[in-house]
Amino acid sequence: MLSTKMEEALNNQIALEGYASFLYLSMASWCDTEGLDGASRFMHRQSQEELSHMMRIFHYISEVDGHPITPSVNQPPLKFESVRAMLQQVYEHEQKVTNSIHKLVALANGESDFTTLHFLQWYIDEQREEEALMRSILDRVKLIGEGPQSLYYIDKELERINEVEEAAEAAEAE
Ligand code: FEO
């Protein structure tokens, strides 16, 4: 059984993950309009991932007899200054999510809610991986630099990451 405070905090996390999914979907759409197919596919994948993060919490709240709240949709930005600025924004959003997960962990700990504490462990690992991935992408983007020709290489790099991640998922599914 969740405390009212914990239920509210988990519902806020649902909204944060949901917004991330919509923000990344908007980024995928912008990349597509810019002709950046690899980047668009990458952001579509990230958007789907965030949706699954949202649903994982949604189902958890139900499972422990709480009431998951379907969040309202806030309009994400439609355009981005550059691919590098967009990726930086993703990284910053992930840091915000990590911070929020850590606050949830502290709350669960304070309430001795060991079931939620255990449930949140997955998110701690996931956030560590997501932040590391975004940092490594930003490092490579900085190395490649910006400008019309660099965009081609950034897009190729993101497509390469799509392929690596898809291969890893396929191997996991076997
Ligand atoms: Fe679910 Fe990437 O935060």
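Residues numbered from 1 in each chain as written. Predicted model: local features only at pLDDT ≥ 70, side-chain atom pairs only at ≥ 80, totals over all residues. Heavy atoms only, no water.

Caption draft 1: Region of the structure containing a nonpolar patch on the surface. Taken together, the side chains of Phe22, Leu25 and Val73 make up a nonpolar region of the molecular surface, amounting to roughly 260 Å² of accessible area. Summarising the element assignment, Val73 is placed in the loop between helix 2 (37-63) and helix 3 (83-110). (Patch = residues over 30% accessible without salt bridge, like charges linked within 9 Å, V, L, I, M, F, W, Y side chains within 5 Å. Areas by Shrake-Rupley, 256 points an atom, 1.4 Å probe, with all protein chains shown as cover. Salt bridge = Lys/Arg side-chain N within 4 Å of Asp/Glu carboxyl O. Helix = DSSP H or I, 4+ residues; strand = E, 2+ residues; numbered from the N terminus.)

Caption draft 2: Looking closely at the packing of helix 4 (residues 114-144) against helix 5 (residues 148-173). It is the contact of helix 4 with helix 5, at a shortest axis distance of 10 Å, that shows an interaxial angle of 150°. Between helix 4 and helix 5, the crossing angle belongs to the class labelled roughly antiparallel. Here the hand of the crossing between helix 4 and helix 5 comes out right-handed. Facing Leu133, Ile137, Arg140, Val141 and Ile144 of helix 4, the residues of helix 5 in contact are Ser150, Tyr153, Ile154, Glu157, Leu158, Arg160, Ile161 and Glu165. Among the residues making up the contact of helix 4 with helix 5, the classes are represented as eight nonpolar, one polar and four charged. (Axes fitted to C-alpha atoms, helices over the stretch in contact; angles between N-to-C directions. Parallel < 35°, antiparallel > 145°, perpendicular 65-115°, else oblique. Left-handed = near helix turned anticlockwise from the far one by under 90°. Contact = heavy atoms within 4.5 Å. Nonpolar A, V, L, I, M, F, W, Y, C, P; charged D, E, K, R; others polar.)

Caption draft 3: Structural context of the environment of Glu129. Looking at the secondary structure, you find Glu129 in helix 4. Classification of Glu129 by relative accessible area gives partly exposed; the value is 48%. Between the alpha carbons of Glu129 and Ala167 there is a distance of 17 Å; along the sequence they are 38 residues apart. (Buried < 20%, exposed > 50% of the residue type's maximum accessible area, 1.4 Å probe, protein only.)

Caption draft 4: Here's a closer look at the nonpolar core. Met27, Met43, Met86, Leu87 and Ile137 are the most contacted members of the largest nonpolar core, which has 24 residues in total. Of all the elements in the fold, those that place two or more residues in this core are helix 1 (4-33), helix 2, helix 3, helix 4 and helix 5. Broken down by element, the residue count for this core peaks at seven residues, all from helix 1. Not counting residues up to four positions away in its chain, the partners in contact with Ile137 are Phe42, Leu87, Leu158 and Ile161. One finds Ala9, Leu16, Ile57 and Leu107 within the second-largest nonpolar core, a separate group that totals 21 residues. (Core = buried A, V, L, I, M, F, W, Y, C linked by side-chain atoms within 4.5 Å.)

Caption draft 5: Just the side chain of His93, in detail. Within the fold, His93 resides in helix 3. Setting aside residues no more than four positions away along its own chain, His93 makes contact with Leu16, Tyr19, Ala20, Leu23 and Tyr24.

Caption draft 6: Spotlight on the environment of Leu151. Its place among the elements puts Leu151 in helix 5. The sequence separation of Leu151 and Thr98 amounts to 53 residues, and the corresponding C-alpha distance is 29 Å. With residues up to four places along the chain from it excluded, the contact list for Leu151 reads Leu36 and Val83.

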